[in-house]
Every structure is written in structure tokens, then in C-alpha cells.
Amino acid sequence: MIDVASLVLADFQDTIVAAFGSSLGWIVGHAIVLLLVLSTFWAIQNRHHILNESGWSYSNLMDISVIFLLTAVQYLVYANILNFPEEASFGLALFWTMALRWHILVLE
């Protein structure tokens, strides 16, 4: 059987398998991945409703998206390329993302 859940969930899938056994763990892990994919498609299909009814403007959502994206990219660089510890990588990525955001907003 193809184990897509291990690729997506990484160590969490190993924890699920340890808790439920190999067969049920495989099913639970793939159900989680399927729910994540379906939720993403649902959010994309209803993006106009979400934008109009959430009370947040397009610029707020773009700002949040850019913060998540920059933090994730920096985390990957710090953790995988520079071999920093995971906690330090996340802290540095979040700090520099927010510092960059502050500089852009204040110095704009």
C-alpha cells in the first residue's frame, strides 16, 4: 500500500501507527490527509464568501499568508540547510519575518 500519510504527516503518522496499529493507523492517517485536502479545496472554492463574510479584508488575509509563507521558508532554510535546532529555527524565522514586516509597515 502507498503511504502518503507518512509523507505529509511525518512523525505524527508514526505516532498514529503506534497508537492504533499498522492497519487502523494507516486508515486514520490517510483520513486526516483526505480531510486536509478536502478542507483546502472547500476553502478555495468558497474564498469569495470567506473574504466577504469574515470581516477581514483581502489585505489582512494576504498579510497573514505572507507571514506564514516567509516564516515557513526561513524555517526550512535554518533547519535543513544551516542545521539549526528546530526550536531555534522557528524562533529565528518568526522573529525575522515580524522584523521585516515591521520595517515595511513603519518605513513605508
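In this text the structure is predicted, and so the values were computed from the model without any measurement. (Residues numbered from 1 in each chain as written. Predicted model: local features only at pLDDT ≥ 70, side-chain atom pairs only at ≥ 80, totals over all residues. Heavy atoms only, no water.)

Engineer: In this structure, what is going on with the packing of aromatic side chains? I would like to understand it.
Structural biologist: Here a ring pair, both rings aromatic, is described through the centre-centre distance and the interplanar angle of the planes. Scanning all chains against the criterion turns up two aromatic pairs. Residues Y78 and F84 carry aromatic rings whose centres are separated by 5.9 Å and whose planes lie at 5° to one another, so their mutual orientation is stacked. Since its relative accessible area comes to 35%, F84 is described here as partly exposed. (Phe/Tyr/Trp six-rings, centres within 6.5 Å; stacked < 30°, edge-to-face > 60°. Buried < 20%, exposed > 50% of the residue type's maximum accessible area, 1.4 Å probe, protein only.)

Engineer: What exactly am I supposed to notice about a negative patch on the surface here?
Structural biologist: Residues D3, D11, D14, E86 and E87 make up a contiguous surface patch of negative charge. Where the negative patch is concerned, the elements lending two or more residues are α2 (11-20) and α6 (86-107). Mapping D11 onto the fold places it in helix α2. Given the relative accessible area of 60%, D11 is considered exposed. (Patch = residues over 30% accessible without salt bridge, like charges linked within 9 Å, V, L, I, M, F, W, Y side chains within 5 Å. Areas by Shrake-Rupley, 256 points an atom, 1.4 Å probe, with all protein chains shown as cover. Salt bridge = Lys/Arg side-chain N within 4 Å of Asp/Glu carboxyl O. Lys, Arg positive; Asp, Glu negative; His and termini not counted. Charge placed at Lys NZ, Arg CZ, Asp CG, Glu CD. Helix = DSSP H or I, 4+ residues; strand = E, 2+ residues; numbered from the N terminus.)

Engineer: Looking at this model, I keep getting lost on the pattern of salt bridges. Mind explaining?
Structural biologist: Counted according to the given criterion, the structure contains one salt bridge. Between D63 and R101 there is a salt bridge, with the nearest N and O atoms lying 2.8 Å from each other. Here R101 lies in helix α6 and D63 lies in helix α5 (residues 58-81), a separation of 38 residues in the sequence.

Engineer: When you look at the layout of surface pockets in this model, what are you seeing that I'm missing?
Structural biologist: Picture a little ball the size of a water molecule; that probe, rolled over the atoms, points out where space is still empty. Approximately 150 Å³ is the volume found for the largest pocket. Lining the largest pocket are A43, R47, I50, L51, Y58, L61, M62 and S65. Elements with a contribution of two residues or more to the lining of the largest pocket: α4 (47-53) and α5. Here the lining of the largest pocket gets four residues from one element, more than from any other, and that element is α5. Here the lining of the largest pocket is composed, by residue class, of six nonpolar, one polar and one charged. (1 Å grid on protein atoms, 1.4 Å probe; cavity = no way out; pocket = protein on both sides within 12 Å on 5 of 7 lines; lining within 4 Å. Points joined across faces, edges and corners; volume = space filled by probe spheres on them. Nonpolar A, V, L, I, M, F, W, Y, C, P; charged D, E, K, R; others polar.)

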